[in-house]
Amino acid sequence: MSVFTAAADQSLCAPLPVLGKDVTVPLVTGGEVAYAALDYAASAPALQRVWDDVAAYAPYYGSVHRGAGYLSQLSTDLFENSRATVAEFLGCRADDQVVFTRSTTDSLNLLAAVVPADCQVFVYETEHHASLLPWRDARVTCLNAPRTPAQAVETLERALADREPYGPALVCVTGASNVTGELWPVKELAAAAHAHGARIVLDAAQLAPHHPVDIVELDVDWVAFSGHKLYAPFGSGVLAGRADWLQQAEPYLAGGGASRKVARRADGGVDVEWHSTAARHEAGSPNVIGVYSIASACKALTEAGFDGLVAREQHLVSTVRAGLAGIPEVKVLSLFGDDAPRVGVISFVVEGWNSSHFAAALSAEYGIGVRDGLFCAHPLVRTLLGSDPQEVGECGAPEAGPGEGSLNAIRVSFGAGTPDEHIERFVRAVKELVSKGARWKYRTEDGRCVPDRGAGQR
């Protein structure tokens, strides 16, 4: 079975227990309701299993790689065993390195720091800013947004064939869009890159929480992802893949842990021998809690079984898309069309509504948390909305007031911990807001649309 295809015959599994599932929030209209967290694409709630594992370890916390005491030895073993767990989760090759970072953004900035000086980087305008922006010291070719997976491959092949001078090249591509949720043809893009002598890095921030990611099967050179999207707490990320560029480059950060030997020279300078292992780019005291939480999440998702998780998520995707399709005023954003496979990330606009106003009403009147704006993918959202992708944009709401149009969108996203009730409430709320309007008055405050508590109900 393809890693990008849900098993239609799999029985739906129950939602995985997550923190915050019983949290209630106040409604502006009165009373409280269980909070519907539908902003997984920004940060997914931590799995209860992950939190329990971290809590069990916390009393044994100690320094890593730096102590002879029992707790330091224990923490070091846990840290390195977590590296092995992540490597297994990603299907890493025997000579791949797993480097722990702060986030996907940090991982891709690390890779940008080690690419050869004459490397040319190819990236689609459809990328998240974490993939689009780090390549400041390289020659960057930004590719136009494709409208089919086949066009994505063709566009890359043409660009690679035409590159001059012929030298090191790197392709950066997302696995699943953080705006549309659509799955990209990663394996085909990897084949095209390698056929033209280029390497490829996969931004798996939105893919890894929803589908298995196997470096060997996809034939990618590196994978980057974040813990906070993989149901682990904030503050940790991963860059995994080929070791050669990582070993040949200067350390991403210079300091303790990255160095094997340091000696004072007679002329007053310092000679340093850097590690050739992943430690080369992990200077300083590591975030052992964050690393362990990622490993715990990898184990939890593997043990739950991706087939059942994918099948259940596709059921939720179908419910949302069917509900939105029945509302003429709603336009769902898509690059590849309605039939494209996707994860639980859906962005849309509502005719006659400012996106910030709509998201504020979902929160204040229904206890539903979504995101509005340009989703740190400004060129893509502007392309999807028919604006100039080169136009400068801002995150968050524009100066337009409630009810006025905007070039922002609304994003609903969900995953392994989302119960059916949250999805059903969301679809019902969208229908009610479109047909009846908001029940409360809203105003713009610091660029955000918020309930006007002094004005009261409409």
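Residues numbered from 1 in each chain as written. Predicted model: local features only at pLDDT ≥ 70, side-chain atom pairs only at ≥ 80, totals over all residues. Heavy atoms only, no water.

Caption draft 1: Spotlight on helix α13 (residues 420–436). For α13, spanning 17 residues, the distance from its first C-alpha to its last is 24 Å, which sits close to the expected 24 Å at 1.5 Å a residue. His-422, Ile-423, Arg-425, Phe-426, Val-427, Ala-429, Val-430, Leu-433 and Val-434 are the residues of α13 that are buried. Immediately beyond the C-terminal end of α13, within one or two residues, lies Gly-437, with a positive phi of roughly 85°. (Helix = DSSP H or I, 4+ residues; strand = E, 2+ residues; numbered from the N terminus. Expected span 1.5 Å × (residues − 1). Buried < 20%, exposed > 50% of the residue type's maximum accessible area, 1.4 Å probe, protein only.)

Caption draft 2: A look at the sheet that holds strand β9 (residues 222–226). Spatial strand order, β4-β10-β9-β8-β7-β5-β6: seven strands in an open sheet with mixed pairing. Either end of the sheet is taken by a strand with one partner, and the two such strands are β4 (97–101) and β6 (139–143). Going from strand to strand, the sheet's axes swing by 20° on average, the running direction of each strand aside. Looking at chain direction, β9 and strand β10 (residues 237–241) are connected through five bridges and run antiparallel. (Pairing = 2+ DSSP bridges. Axes fitted to C-alpha atoms, helices over the stretch in contact; angles between N-to-C directions.)

Caption draft 3: Expanded view of the pattern of salt bridges. Counting across every chain of the model gives 21 salt bridges. With a closest N to O distance of 2.9 Å, Arg-265 and Asp-271 form a salt bridge. Judged by relative accessible area, Arg-265 falls into the partly exposed class, the value being 33%. A salt bridge links Glu-421 to Arg-425; the nearest nitrogen and oxygen atoms lie 3.1 Å apart. Remark: Arg-425 and Glu-421 occur in helix α13; sequence separation between them is four residues, near one turn of the helix. (Salt bridge = Lys/Arg side-chain N within 4 Å of Asp/Glu carboxyl O.)

Caption draft 4: Highlighting the environment of Ser-82. You can see Ser-82 is positioned in helix α2 (residues 70–90). In this structure, the C-alpha to C-alpha distance between Ser-82 and Gly-235, residues 153 residues apart in sequence, is 15 Å.

Caption draft 5: The arrangement of the confidence of the model for the protein in detail. Per-residue pLDDT for the protein averages 92, and the proportion of residues at 70 or more is 93%. Every residue in residues 1–10 is under pLDDT 50, and counting partners more than four places away or in other chains gives 21 contacts. Between residues 392–405, whose pLDDT stays under 50, and residues either more than four places distant or in other chains, the model counts 37 contacts. (pLDDT = per-residue confidence, 0-100. Contact = heavy atoms within 4.5 Å.)

Caption draft 6: The arrangement of the side chain of Ser-177 in detail. Mapped onto the secondary structure, Ser-177 falls in the loop between β7 (169–174) and α6 (186–195). The exposure class of Ser-177 is buried, given its relative accessible area of 3%. A polar contact of 3.0 Å, which involves the side chain of Ser-177, links it to the backbone nitrogen of Val-179. For Ser-177, the residues in contact, after removing those within four places along its chain, are Glu-182, Trp-184, Gln-206, Val-345 and Leu-380. (Polar contact = N/O pair within 3.5 Å; in protein donor to acceptor, adjacent residues only side chain to side chain.)

Caption draft 7: Focus on the environment of Ser-75. Mapped onto the secondary structure, Ser-75 falls in helix α2. Separated by 342 residues in sequence, Ser-75 and Gly-417 have C-alpha atoms that sit 29 Å apart. In contact with Ser-75, other than residues within four places in its own chain, are Tyr-57, Tyr-60, Tyr-61, Gly-62, Ser-63, Val-64 and Val-288. In this structure the side chain of Ser-75 is engaged in a polar contact, spanning 2.9 Å, whose partner is the backbone nitrogen of Gly-62.

Caption draft 8: Summary view of the nonpolar core. Counting 81 residues, the largest nonpolar core has Leu-90 and Phe-225 as its most contacted members. In this structure, Phe-225 is in contact with Val-86, Leu-90, Ser-103, Thr-104, Ser-107, Ala-204, Ala-205, Ala-208, Leu-230, Gly-237, Val-238 and Ile-294, ignoring residues within four places of it in sequence. Grouped together as the second largest cluster of nonpolar side chains are 36 residues, Ile-327, Ala-360, Phe-426 and Val-430 included. (Core = buried A, V, L, I, M, F, W, Y, C linked by side-chain atoms within 4.5 Å.)

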